[in-house]
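As a plain string of letters, each chain reads:
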Amino acid sequence: MQNRLLLFFSIIVSFNCTAQIKHAEVKKYNTHITLNGNKVTSNLEVEIKINTPKGTSYSEIDIYSINKPQNLVASIYDASGNEIKKLKKKDLKYSSAYSNSTFHTDGQYTSFTLLHNQYPYTIKYSYSIVYNNYIHLENWLPTRDFDCDIDEAVLSATLPNDYKFRTIENLIDTAYTIADEATLQTTYYWKIKNLQPQKSQHYSPPSYTFIPRVEIIPFDFHYGIDGSTESWETFGNWIYNLNQNKSDLTDDEKIMVHRLTDTIDNNRTKIKVLYHYLQDNTRYINVSLDLGGLQTYPAEYVCNNKYGDCKALSNYMQALLEEIGIKSHYTIVYAGINPVRIDEEYPSQQFNHVILCVPQPKDTIWLECTSSITPFNYLGSFTHNRKVLIIDEKESRLITTPALQNESNKNIFSTIVSINSNGLSTIQTKATLRGYDFEYFKSFGNNIPKSKQADLIDRINFMKGIDFVEIESTVPHRDSSYINLSFEATTSNLSEKMGHKILISPINHFSFKFEKPEKRNLPVVINLPIVQTDTIQYKLSEPIKELKGIENTEFTSVYGSYSRQIVLSERTIKLIRDIEINQGHYSIQEYEAFYNFIDKLSQQENRKILITQ
């Protein structure tokens, strides 16, 4: 499922305006919503000023929509405000919104370009789109589309006086209403002025939390069938009804299910066998036609075609289990490494993915149905530790998925470094990777291609400038939640000879780049704990007389912990190091304390070792 399924329109612009020189600026961004029965009309009016040639990218307009834009007009105006060119029908281009993972979609782009060779000039355009199916009346995100200043943006919605709805509002300057007694309607206004783009910062929350936005959520809506956001139960029941009668398997598939499971005497093994069957015989591909944003394709469709999106594959897996009498629940979730936090007070469409929940007498099994390599009963960084909506006929409810604990994210390294007198060092490393690193490297199986070796070093932050002699990754079995990595490498960048002294640079050191407190204006979100244990042995060719630069150390805070132990022998230095960065959400008010902890840890990690021989 695509991110934010029901955004009514999206003007795709990905250009840059610097703060020093405004190459382009949005003078006006106005959206007006009206409701007529089950039809929602969204009217958009935009005015963009192009100040320099570097701003001409904003002259290229792409309007994404399910339904074709109506009443589209656009013109260019010179610096004096004179209209000098109008958009003509022959200037419009239409294209389907296909992507690498999308096989079919109703989404389309309406595109045009308006250019002028004298600066500044202004582009004005407007259009309307009518929707017969909707859940939100509007999900308004004016800064999503423009990476430059916006002078003014206004959202307005004209609705019947007795119309019941909720709003989620963030960073709005002004909000007010104007009632019209003659029509028995009220127009609601939300305004923002002098917007400057907010850049993301290291480990900051999703952009939804720090940009202006308004969501208008009706209590009653129509998307395929009538639904309600009165509660999470009513919203989940609507999804259940939308996807009813989609679980029939073909006769051949039923035979296969029983052939695979009839001789197995416990449900957990049956579930695992069918999950492996799903993984081995289907593939993920997005199909978004008609009500495809939220309504699944039938299980029979996957039987015949062997592919589907997250909805279709989860529904298909549910049908396989249903065939042998095992109950499971279609479950919607906001997936991603940095997910939007579900606002529990506002039942509504806040999800972008589907997984399967299989309750068992003593525990619950969770299945990610779109991946051919995800371990059985593994929710990784993509879906762990977040609110999900269980779709359970008349008992739909929010629950929280299991969190990956520290041990489930722990990377363990054991390294032997042989430092020769000529300055060349040989490195032999064995590692066990879990969590996010495991998820990435498992996709390579037992063979990490040469093209990805540099990425490997970046991900584990080992050290720059090493040459691999041999590298191997091993997944113990298909449902393993860790991967074994081993490699041998050489480098001349590790040590520096200075007479009877050797200066050794750190390897596999922990490095976190964060803004200094005076430059930080966003909270910190650590969605996954970061846990690492290292044992590093430096072997030298001559006896060690003195060691400087590092010492035994240990400190702990609410943000994590760090320890380093040194074991010194005649020709060997052994470092035993443990690092933990706790999962957590840290406000801007406590950022300085968090930064000081990270800075203290980084200073320890960046220390060099000075040896006298």
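Residues numbered from 1 in each chain as written. Predicted model: local features only at pLDDT ≥ 70, side-chain atom pairs only at ≥ 80, totals over all residues. Heavy atoms only, no water.

Trainee: Sorry if this is basic, but what is going on with the overall build of the protein here?
Mentor: Scanning the protein from N- to C-terminus turns up 8 helices and 40 strands. Its C-alpha atoms give the protein principal-axis dimensions of about 95 × 75 × 45 Å. Going through the 613 residues of the protein one by one, you find that 52% of them count as buried. Residue pairs at least 24 apart in sequence account for 72% of intrachain contacts in the protein once pairs closer than 6 positions are excluded. Of the side chains in the protein, 63 bear a positive and 70 a negative charge, and the two mean positions are spaced by 6 Å. (Helix = DSSP H or I, 4+ residues; strand = E, 2+ residues; numbered from the N terminus. Buried < 20%, exposed > 50% of the residue type's maximum accessible area, 1.4 Å probe, protein only. Contact = heavy atoms within 4.5 Å. Lys, Arg positive; Asp, Glu negative; His and termini not counted. Charge placed at Lys NZ, Arg CZ, Asp CG, Glu CD.)

Trainee: Sorry, what's going on with the pattern of salt bridges here?
Mentor: Charged atoms that come close allow side chains of opposite charge to pair. A full pass over the atoms with the stated rule returns 21 salt bridges. Linking Glu 551 and Arg 607 is a salt bridge whose minimum nitrogen-to-oxygen distance equals 2.5 Å. A residue pair is termed long-range when its members are at least 10 positions apart, and Glu 551 in the loop between strand E35 (546-548) and strand E36 (553-557) and Arg 607 in the loop between helix H8 (591-605) and strand E40 (609-612) qualify at 56 residues. By relative accessible area, which is 36% here, Glu 551 ends up partly exposed. Note on Arg 607: relative accessible area 30%, which makes it partly exposed. Each of the salt bridges in this network shares a partner with another, and the network as a whole consists of Glu 25, Lys 27 and Asp 151. (Salt bridge = Lys/Arg side-chain N within 4 Å of Asp/Glu carboxyl O.)

Trainee: Hey, could you run me through the nonpolar core in this one?
Mentor: Within soluble globular proteins, side chains that are nonpolar generally end up buried alongside one another. In terms of nonpolar packing, the biggest core is built from 69 residues, with Ile 48, Phe 112, Tyr 125, Leu 137, Phe 146, Phe 235 and Trp 238 touching the most fellow members. Other than its neighbours up to four places away in sequence, Phe 112 contacts Ser 59, Glu 60, Ile 61, Ile 63, Leu 72, Ala 74, Leu 87, Asp 91, Leu 92 and Tyr 125. Residues Leu 433, Met 463, Ile 536 and Leu 575 belong to the second largest nonpolar core, which totals 39 residues. (Core = buried A, V, L, I, M, F, W, Y, C linked by side-chain atoms within 4.5 Å.)

Trainee: Is there a simple way to explain the sheet that holds strand E26 (residues 397-400) in this structure?
Mentor: One open sheet holds the 5 strands; their spatial order is E24-E23-E22-E25-E26, and the pairing between them is antiparallel. Lying at the two open borders of the sheet, with one neighbouring strand each, are strand E24 (364-367) and E26. Along the sheet, successive strands turn relative to each other by an average axial angle of 35°, direction set aside. The pairing of strand E22 (residues 329-333) with strand E25 (residues 387-390) spans 3 bridges and is antiparallel. Paired with Ile 332 across the two strands is Leu 389, which belongs to E25. Sitting on the sheet, helix H5 (residues 310-323) is in contact with E22, strand E23 (353-359) and E24, with an inclination near 20° to E23. (Pairing = 2+ DSSP bridges. Axes fitted to C-alpha atoms, helices over the stretch in contact; angles between N-to-C directions.)

Trainee: Honestly, the pairing of strand E37 (residues 560-568) in this entry has me stumped. Any pointers?
Mentor: Look at any regular strand and the pattern is simple: side chains alternate between the two faces of the sheet. Sheet analysis places E36 next to E37, joined by 5 bridges and oriented antiparallel. Counted as the bridge partner of Thr 553 is Arg 564 from E37. Remark: 2 residues form the turn of the hairpin made by E36 and E37, two consecutive strands paired antiparallel. Here E37 runs beside strand E38 (residues 572-581); their pairing, made up of 9 bridges, is antiparallel.

Trainee: Teacher, can you tell me more about the sheet that holds strand E6 (residues 83-86) here?
Mentor: Pairing is mixed across the open sheet formed by 8 strands, whose spatial order is E6-E5-E10-E3-E2-E12-E15-E14. Sheet topology places E6 and strand E14 (174-180) at the edges, where each strand pairs with a single neighbour. This sheet shows a mean twist of 15° between the axes of neighbouring strands, independent of strand direction. Bridge count between E14 and strand E15 (residues 185-195): 7 bridges; the pairing is antiparallel. Within E15, the residue paired with Ile 178 across the bridge is Thr 187.

Trainee: When you look at the packing of aromatic side chains in this model, what are you seeing that I'm missing?
Mentor: Each aromatic ring pair is summarised here by two numbers: the centre-to-centre distance and the angle between the ring planes. Under the counting rule described, the total for this entry stands at 31 aromatic pairs. Ring centres 5.2 Å apart and planes at 80° place the aromatic pair Phe 514 and Phe 594 in the edge-to-face group. Highlighted residues: Phe 514 in the loop between strand E32 (501-504) and strand E33 (524-526) and Phe 594 in helix H8, separated in sequence by 80 residues. Across the pair, exposure class does not vary: Phe 514 and Phe 594 are buried alike. Linked through ring pairs, Tyr 203, Phe 512, Phe 514, Phe 555, Tyr 559, Tyr 562, Tyr 586, Tyr 591, Phe 594, Tyr 595 and Phe 597 together constitute an aromatic cluster. Its end group placed over the ring of Tyr 77, Lys 124 keeps NZ or CZ at 4.6 Å from the ring centre. Looking at Arg 166, its charged tip hangs above the ring of Phe 219, at a distance of 4.2 Å from the centre. (Phe/Tyr/Trp six-rings, centres within 6.5 Å; stacked < 30°, edge-to-face > 60°. Lys NZ or Arg CZ within 6 Å of the ring centre and 35° of its normal.)

Trainee: Explain the side chain of His 384 here, please?
Mentor: Residue position: His 384 is located in the loop between E24 and E25. At a separation of 2.9 Å, a polar atom in the side chain of His 384 contacts the main-chain amide nitrogen of Leu 404. When near neighbours in sequence (up to four residues on either side) are disregarded, His 384 contacts Leu 379, Thr 401, Pro 402, Ala 403, Leu 404, Asn 527, Leu 528 and Gln 583. (Polar contact = N/O pair within 3.5 Å; in protein donor to acceptor, adjacent residues only side chain to side chain.)

Trainee: In this structure, what is going on with the packing of helix H2 (residues 251-261) against H5? I would like to understand it.
Mentor: Each pair of packed helices can be summarised by the angle the axes make with each other and by the distance between the axes. Closest axis-to-axis distance for the H2/H5 pair is 10 Å, and the angle between their directions is 65°. Helix-helix and strand crossings are classified by hand; for H2 and H5 the assignment is right-handed. Mapping the contact onto sequence places Glu 253, Lys 254, Val 257 and His 258 in H2 and Tyr 316, Leu 320 and Glu 323 in H5. Among the residues making up the contact of H2 with H5, the classes are represented as 3 nonpolar, 1 polar and 3 charged. (Left-handed = near helix turned anticlockwise from the far one by under 90°. Nonpolar A, V, L, I, M, F, W, Y, C, P; charged D, E, K, R; others polar.)

Trainee: What is the right way to read the confidence of the model for the protein from this model?
Mentor: Note: predicted coordinates in regions of low pLDDT should not be interpreted at a detailed level. The pLDDT averaged across the protein works out to 90; a share of 93% of its residues lies at or above 70. Low pLDDT (under 50) marks residues 1-19, which in the prediction has 80 contacts with non-local residues, meaning those over four places away or in another chain. Within the model, the stretch residues 100-104 combines pLDDT values under 50 with 17 contacts to residues more than four positions away or in other chains. (pLDDT = per-residue confidence, 0-100.)

Trainee: Looking at this structure, I do not really get the environment of Leu 389. What am I missing?
Mentor: Among the secondary structure elements, Leu 389 is positioned in strand E25. Since its relative accessible area comes to 0%, Leu 389 is described here as buried. Through-space distance from the C-alpha of Leu 389 to that of Gln 350 is 9.9 Å; in sequence the pair is 39 residues apart. When neighbours within four sequence positions are excluded, Leu 389 is seen to be in contact with Trp 232, Phe 235, Gly 236, Tyr 330, Thr 331, Ile 332, Phe 351, Ser 396, Arg 397 and Leu 398.

Trainee: Help me understand the pairing of strand E13 (residues 165-170) in this model?
Mentor: Among the 6 residues that make up E13, 5 are buried, leaving the element largely enclosed by the rest of the structure. Where E13 and strand E16 (residues 213-218) come together, 6 bridges link them in antiparallel fashion. Within E16, the position partnered with Phe 165 by the bridge is Pro 218.

Trainee: It is not clear to me how the environment of Thr 490 should be interpreted in this structure. Could you clarify?
Mentor: Relative to the helices and strands, Thr 490 is located in strand E30 (residues 482-491). Linking Thr 490 and Pro 69, residues 421 residues apart in sequence, is a C-alpha distance of 60 Å.

Trainee: How should I be thinking about the packing of H2 against helix H3 (residues 267-281) in this particular structure?
Mentor: Two elements in contact, H2 and H3, have axes separated by 10 Å at closest approach and are oriented at 130°. Of the possible angle classes, the one that applies to H2 and H3 is oblique. With respect to the hand of their crossing, H2 and H3 are arranged in right-handed fashion. Taken together, the residues of H3 that come into contact with H2 (itself represented by Glu 253, Met 256, Val 257, Leu 260 and Thr 261) are Lys 270, Val 273, Leu 274 and Tyr 277. Class assignment for the residues of the contact of H2 with H3 results in 6 nonpolar, 1 polar and 2 charged. (Parallel < 35°, antiparallel > 145°, perpendicular 65-115°, else oblique.)

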